[in-house]
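Fold and contact review
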Amino acid sequence: MDNSVAPSDEDFLHDCLEAPTIDNSLSITDHDPTNTNNNTPTPTFDLVDIEALPQPIPADSPADASTDTINSESCSLKRSKPHDETDDGWQTVDRSKKSKKEKKEKKIPSPQSTNYPSIKFNYNAKLQSKIALDSLRNLILYIFSEGTAPQWVAISQRPQFRKIVAIMVPGLEEAMFKPDVNFATYNDQPLDLDQKPRVMTSPDDYYPRLLKKDELPVILQDFADMFPHLWPVKTPGNEKFGHIRSPLATMLTAPIEKTKEEKGKGVQAAKEPKGWKDQRTRITEFLMMPEDFQANGYVLHPACIPAERRKHFHDLDGWVHTNVEDFADGDVPEEEIQQGSITAGREILALDCEMCVTDPQEYSLTRISLMSWDGTIVLDELVKPDKPITDYVTRFSGITEEMLAPVTTTLKDIQSKLLEILHPRTILVGHSLDADLKALQLTHPFIVDTSILFPHNRGPPLKNSLKFLTQRFLKREIQKGVAGHDSIEDAKACLDLVKQKCEKGKFWGNHESQGENLFRRLTRAGKAYRANGGVEAKGGVNVGKTSAMVDWGDPMKGAGAASTFPIGCKSDDEVEEGVMRAVKGDPVAEEIPYGGVDFVFARFRELEAHQGWWNCKSDIPSPDLSNIPLETCVQTLTQRIKRIYDMLPPCTAFIVFSGSGDPREMSRLQAMQAQFKKEYTAPGSNWDTLSVKWTDREDQALKKAVGVARNGIGFIGVK
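Residues numbered from 1 in each chain as written. Predicted model: local features only at pLDDT ≥ 70, side-chain atom pairs only at ≥ 80, totals over all residues. Heavy atoms only, no water.

**Examining the nonpolar core**
What counts is decided by this rule: Nonpolar core, defined: a set of buried Ala, Val, Leu, Ile, Met, Phe, Trp, Tyr and Cys residues in which side-chain atoms within 4.5 Å join the residues together. Any residue under 20% of the maximum accessible area for its type is buried, any over 50% is exposed, and the rest in between are partly exposed; the area is computed with a 1.4 Å probe on protein chains only. The helix and strand labels rest on DSSP assignments: H or I over at least four residues marks a helix, E over at least two residues marks a strand, and numbering proceeds from the N terminus. Here, residues are in contact when the closest pair of their heavy atoms is within 4.5 Å.
Counting residues in hydrophobic clusters, the biggest one holds 50 residues, and the most contacted among them are Leu172, Phe177, Phe223, Phe654 and Phe715. Ranked by residue count, the leading element in this core is helix 21 (residues 630–647), at 8 residues. If we ignore the near neighbours within four places in the chain, the residues touching Phe223 are Leu172, Phe177, Leu211, Thr638, Ile641 and Phe715. Ala125, Leu133, Trp231 and Val233 belong to the second-largest nonpolar core, a separate cluster that totals 37 residues.

Structural data, given as structure tokens:
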């Protein structure tokens, strides 16, 4: 605004700016030069009304503004431009109007409205099996990140979800929800591997069970107030191989995302994860340890056997062992290792063998190939088996009857050559070398196995094929056509895979099986929508979701390290408090912001300890709850879950799941099987002297026990 005044207005301006006087009643008297009647009361204004005086007219105001308006502005006590000059006595008042969209607060929809979020059983779904534990994790990803919409439930108003709380409760079983359950004798029943006392309906019933309050035990009736259904949930695992995958790891590991180009196009080349940095690693870092040999079916070399047991060692009939007395024999002094060398002064030989069938359950060596680190072929010979060949399996071995007709080399000839070639500093590289070494009837303590270096994405005992690894990591094809495998080609592929692993580092290839941490995925790709993120989030934007891991012990030692706020606990009481704190936030935001985090994952473990499900390999000792009745333990657990539910804010998805069924019999049989393998594969072992014998009877029992352990339960609802 222009502050200059025309000369013709000087008199008026002088009179108008005459200093006001403040009377005893703290009012301001405005002198009026036009008033000649002293009897007229002088207008007074309370001090609080000063701010209400008219604002200065902007410089660009219309030229036809009324004189009254101009005079009113001229007489205003407020400066026309309060920020033209600095004065601590004035403050700038922003009277600009905000748009309706900006001023409108994000409202929580009414539970009765059609905008309220829900997760309901999709009655049109045709379930062919129980929902997998992965399905619960994928449900979380769909609501808060990206993913395919689940078909087994109908999710409405996904953008309206504010929070997700997931609680794992090992020890919670479907049989506890039977109306006639007797908790006093619940654990007295002998374990039936046919699952009859542990389920409410047939194992083939894939559909959720409707929770009716009057049909539940009194101590569990609160579940009917929180959830509409009890879902049978299948834990990932394999009865054939006698194992289940970790329920906790399954829930907290998100699958690797595939681009649109990758979907439906077969094996895709491996890509470096975001932020990946190569870390050159010596090959000696990938050597198998003695405990790895037995777990992967290898026959032990004497150097792998403790010194006190070697005096009882007896060679297996026909087997030979390389000349290595101790593991330390392979060590190379640092001064002999070339700087930056990834071979660490060792001789690296890639080994691959081809076999043919000589007995129904026996394969015999028919070809052996050895290749050095630089690709030189050290040995490549055909071998004549001692026994007649019943099946050449040419489509796999590449061996024909015509090829072996003139061959006179025997297995013993090959063994003699290998004992000359292999020395304490030799490292054998190959894919599932246990089969090759069994065909050679030879042991060597320094092995690098590519089937272990690049683990299967579903975990052991499953293994990736060499063909798949070559496609995935080397971007080339092997074992093509109907002519069978080429042992030179396979040995070269193993060598190149190991070289790549050494150049990239220990974790290269492991991320293929591990997937991505769930907390990290939500932080990286969590989505917000207009309903919970404002106008700017219309259509969905990546904003990242905050999270908390509330668990016994130190969550920083596991997957919880990637959560925004890991909360360690020593009891279920502390877990309950931690969940409430994570949902609400700290009162004055000391650590967790007021309003809490978006995603909370927690685990109650006292029922798990009471039922004897606690993993004995855990770093945390199991609490002693033997003096507490099972009914009291279950009732306390239900009350904890109900208190958490009551405290949840509206529009919160609430998931409770057991993770697995009863794993005790499975664990017992697995330990028995491991002991049997340890004794049976030891050189010189005798069936009659084994402390544990594993027969088809135990094998069938293990398969049933795994089936029991895979039967978990889950509950899904919305507060």
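Still to come is the rest of the account.
**Brief notes about the confidence of the model for the chain**
Heads up, the rule is: The pLDDT value tells you how sure the predictor is about a given residue, anywhere from 0 up to 100.
Of the residues in the chain, 77% have a pLDDT of 70 or more, and the chain-wide mean is 81. Note on residues 1–84: pLDDT is under 50 here. Beyond four places in sequence and across chains, it has 55 contacts. Note that residues 97–105 has pLDDT below 50 and, in this model, 2 contacts with residues that lie over four places away or in other chains.

**Describing the environment of Val498**
Relative to the elements of secondary structure, Val498 occurs in helix 15 (residues 487–504). What Val498 contacts, discounting residues up to four positions off in sequence, is Ile283, Trp373, Val429, Val448, Thr450 and Leu453.

**Overview of the packing of helix 4 (residues 133–144) against helix 17 (residues 518–525)**
Put simply, the test is: Only C-alpha atoms enter the line fits that serve as axes; for helices the fit covers just the stretch in contact. Angles between N-to-C directions range over 0 to 180 degrees. Throughout, the term roughly parallel applies to angles under 35 degrees, roughly antiparallel to angles over 145, roughly perpendicular to angles from 65 to 115, and oblique to all others. Working rule for handedness: look at the near helix, and if it is turned counterclockwise from the far one by less than a right angle, call the crossing left-handed; if clockwise, right-handed. Charged residues are taken to be Asp, Glu, Lys and Arg, nonpolar residues to be Ala, Val, Leu, Ile, Met, Phe, Trp, Tyr, Cys and Pro, and polar residues to be all remaining types, Gly included.
Running from N to C, helix 4 and helix 17 point in directions that differ by 15°, and their axes come no closer than 10 Å. With respect to their mutual orientation, helix 4 and helix 17 come out roughly parallel. Viewed along their axes, helix 4 and helix 17 form a crossing whose handedness is right-handed. Each of Arg137, Leu141 and Phe144 in helix 4 lies in contact with helix 17, whose residues at this interface are Leu518, Arg521, Leu522 and Ala525. Split by residue class, the contact of helix 4 with helix 17 holds 5 nonpolar, no polar and 2 charged.

**Considerations on the side chain of Asp572**
Note the threshold: Counting rule applied: Lys, Arg positive; Asp, Glu negative; His and chain ends not counted. The salt bridge definition used is simple: a Lys or Arg side-chain nitrogen within 4 Å of an Asp or Glu carboxyl oxygen.
Mapped onto the fold, Asp572 is located in helix 19 (residues 572–584). For Asp572, which is buried and forms no salt bridge, the nearest opposite charge comes from Arg640, at a distance of 4.5 Å. Contacts of Asp572, omitting those with residues within four sequence positions, involve Trp552, Phe604, Arg605, Glu606 and Arg640.

**As for helix 19**
Working note: α-helix, 3.6 residues per turn, so residues spaced by three or four point in the same direction. The line we're drawing: Under the convention used throughout, the expected extent of a helix is 1.5 Å for every residue step, that is, one less than its residue count. When we speak of the arc, we mean the arc of directions from the helix axis to the C-beta atoms.
An ideal rise of 1.5 Å per residue puts 18 Å on 13 residues; helix 19 measures up with 18 Å between its terminal C-alpha atoms. Where helix 19 is concerned, the buried positions are Asp572, Val575, Glu576, Gly578, Val579, Ala582 and Val583. For helix 19, the angular spread of the buried residues around the axis is 165°, confining them to a single face. Phi turns positive one or two residues past the end of helix 19, at Gly585, with a value near 90°.

**Examining the sheet that holds strand 14 (residues 347–359)**
Paired through their backbone hydrogen bonds, the strands of a sheet run either parallel or antiparallel. Threshold: Criterion used throughout: strands pair if DSSP finds at least two bridges between them.
One open sheet holds the 5 strands; their spatial order is 16-15-14-17-19, and the pairing between them is mixed. Sheet topology places strand 16 (377–382) and strand 19 (447–449) at the edges, where each strand pairs with a single neighbour. Each adjacent strand pair in this sheet contributes to an overall mean axis angle of 30°, direction not counted. Judged from the 10 bridges that link them, strand 14 and strand 15 (residues 362–372) form a sheet pairing that is antiparallel. By the bridge assignment, Ala350 is partnered in strand 15 with Met371. Of the strands in this sheet, strand 14, strand 15, strand 17 (426–430) and strand 19 are in contact with helix 12 (residues 433–440), which crosses strand 14 at around 65°.

**Focus on the packing of aromatic side chains**
Worth spelling out the cut-off: When two rings of Phe, Tyr or Trp (its six-membered ring) have centres within 6.5 Å they constitute a pair, described as stacked for plane angles under 30 degrees, edge-to-face for angles over 60, and tilted for the intermediate range. In our convention, an over-ring charge means Lys NZ or Arg CZ found within 6 Å of a ring centre and within 35 degrees of that ring's normal.
On inspection of all chains with the given rule, the structure shows 20 aromatic pairs. Note on Phe121 and Trp231: the rings are 5.5 Å apart at their centroids and 75° apart in plane angle, and the pair reads as edge-to-face. With a gap of 110 residues between them, Phe121 in strand 4 (residues 118–121) and Trp231 in strand 9 (residues 229–234) connect regions that are remote in the sequence. Judged by centre distance (5.5 Å) and plane angle (85°), the rings of Phe327 and Phe446 are edge-to-face. Of this pair, Phe327 sits in the loop between strand 13 (320–321) and strand 14 while Phe446 sits in the loop between strand 18 (442–443) and strand 19, and the two are 119 residues apart along the sequence. A relative accessible area of 2% places Phe446 in the buried class. Here a set of aromatic residues connected by ring pairs shows up, and it is made of Phe177, Phe223, Phe227, Tyr645, Phe654 and Phe715. The residue whose ring lies beneath Lys504 is Trp508, and the NZ or CZ to ring-centre distance is 5.0 Å.

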